[in-house]
Amino acid sequence: MEISTDKKLNGAAIIPYYKPVAKEIEVFEHSYNQKLPFLLKGPTGTGKSRFIEFMAHKLHKELITVSCHEETSSTDLIGRYIIKGAETVWLDGPLTNAVKTGAILYLDEIAEARPDVIVAIHSLTDHRRELFIDKLGETVKAHQDFMLVASFNPGYQKGFKELKPSTRQRFVAVSFDYPNAKEEIEILLNETKIQATVAKKLVNIANKIRNLTELGLTETVSTRLLVDAAKLIKSGLPKRVSVHVAIIEPLTDDLEVISALKDLADLMI
């Protein structure tokens, strides 16, 4: 679990950089005002988490982020009894805290969590906007500013990890994908201050690999990986080494594929 707050520089809040690609900012603001839950769909590294950080800052709201995994349960989100000294006390979880205080709760990769998590949030995703805490026998009405946001990767989640249609239909949903070349270059320039010529080469490498569908990669080159490579290059690490370690190696463990991708990238940078 991670609770994020605005980063500050010399006492002033740092605005998270985000490059809009469609109407997602407008859609999110309307969803927030209408108290509708929000779902972000898309591959890893396409800016879903950054978008939520940006929107929380724009709306001046606390953002509580929970990175879901296969062991994430409703108890982790709602809360549990703990031993404190000689007594047993109740400790609210991140979901309960957000419901009570009016924060934005972001469940990252919600389809990875246990099924009881979906059950726990159902009453928060309809007109009731309430949370039932079974262990306390209490029902908590959501603060008027509370918003539930979730994300998942429909191209990666398969079988039992798929998000059910009945759950998806409880959310306003927006699809995220990799930006076009011009926008992705702009992102690299703003994020890393790298030279424009280098940013263009990195984006060209990414798009070349993204189109190599015959390699059977589970994930392809994300904008996040490009930002990492650009940061390494900016810090003084050689360009080819930066591309190898920040873009190619994270994609696969197949030595033949790694070798082929390194050869390809070396020709392009």
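Okay, so let's go over this structure.

**Some details on the pattern of salt bridges**
Inspection of every chain in the model, using the stated rule, returns 15 salt bridges. Between E186 and K19 there is a salt bridge; the shortest N-O distance is 3.3 Å. Here E186 is found in helix α7 (residues 181-192), whereas its partner K19 is found in the loop between β3 (12-13) and α1 (24-33), with 167 residues between them in sequence. The class for K19 is partly exposed, based on a relative accessible area of 23%. The closest approach of N and O atoms between E71 and R114, which form a salt bridge, is 2.8 Å. One end of the pair, E71, is in the loop between β5 (63-67) and α3 (74-78); the other, R114, is in the loop between β8 (104-108) and α5 (115-121), and 43 residues separate them in sequence. Assessed through its relative accessible area of 45%, E71 is described here as partly exposed. The structure contains a network of salt bridges with shared partners spanning R50, E53 and E191.

**So, the packing of helix α9 (residues 223-235) against helix α10 (residues 239-248)**
One can describe the packing of α9 onto α10 by two numbers: an axis separation of 9 Å at closest approach and a directional angle of 145°. Pair α9 / α10 crosses with right-handed handedness. Between α9, through L225, L226, D228, A229, L232 and I233, and α10, the contact on the second element is made entirely by K239, S242, V245, A246 and I247. When grouped by side-chain class, the residues that make up the contact of α9 with α10 number 8 nonpolar, 1 polar and 2 charged.

**Let's talk about the environment of N180**
As for its placement among the helices and strands, N180 is situated in the loop between β12 (172-175) and α7. In this structure the C-alpha to C-alpha distance between N180 and T72, which are 108 residues apart in sequence, comes to 35 Å. A distance of 3.2 Å separates a polar side-chain atom of N180 from the backbone nitrogen of K182. Reaching out from N180, the side chain makes a polar contact with the backbone nitrogen of E183 at a distance of 2.8 Å.

**Observations regarding the environment of N207**
Relative to the helices and strands, N207 resides in helix α8 (residues 196-210). C-alpha of N207 to C-alpha of A181: the two residues are 26 residues apart in sequence and 8.1 Å apart in space.

**Topic: α8**
Helical geometry note: an α-helix holds 3.6 residues per turn, so side chains three or four residues apart project in the same direction. Here α8 contains 15 residues, and its C-alpha end-to-end distance of 21 Å stays within 8% of the 21 Å for a straight helix at 1.5 Å per residue. Here the buried face of α8 lies against α7, α9, α10 and α11 (255-268).

**Considering the packing of aromatic side chains**
Scanning all chains against the criterion turns up 7 aromatic pairs. Ring geometry for F28 against F38: centres 4.9 Å apart, planes inclined by 65°, an arrangement best described as edge-to-face. Here F28, found in helix α1, pairs with F38, found in strand β4 (residues 38-41); they are 10 residues apart in sequence, far enough to count as distant. In terms of burial, F28 and F38 fall into one category: buried. Aromatic rings pair up to connect Y18, F28, F38, F51, F54 and F176 into one cluster. Over the ring of Y178 we find R210; its NZ or CZ atom is 4.3 Å from the centre of that ring.

**Examining the side chain of E109**
In this structure, E109 sits in the loop between β8 and α5. Notably, E109 is buried but unbridged: the nearest opposite-charge side chain belongs to K48, and the N-O separation is 4.8 Å. One polar contact links the side chain of E109 to the main-chain amide nitrogen of N153, over a distance of 3.5 Å.

The rules we used
Residues numbered from 1 in each chain as written. Predicted model: local features only at pLDDT ≥ 70, side-chain atom pairs only at ≥ 80, totals over all residues. Heavy atoms only, no water. Salt bridge = Lys/Arg side-chain N within 4 Å of Asp/Glu carboxyl O. Helix = DSSP H or I, 4+ residues; strand = E, 2+ residues; numbered from the N terminus. Buried < 20%, exposed > 50% of the residue type's maximum accessible area, 1.4 Å probe, protein only. Axes fitted to C-alpha atoms, helices over the stretch in contact; angles between N-to-C directions. Left-handed = near helix turned anticlockwise from the far one by under 90°. Contact = heavy atoms within 4.5 Å. Nonpolar A, V, L, I, M, F, W, Y, C, P; charged D, E, K, R; others polar. Polar contact = N/O pair within 3.5 Å; in protein donor to acceptor, adjacent residues only side chain to side chain. Expected span 1.5 Å × (residues − 1). Phe/Tyr/Trp six-rings, centres within 6.5 Å; stacked < 30°, edge-to-face > 60°. Lys NZ or Arg CZ within 6 Å of the ring centre and 35° of its normal. Lys, Arg positive; Asp, Glu negative; His and termini not counted.

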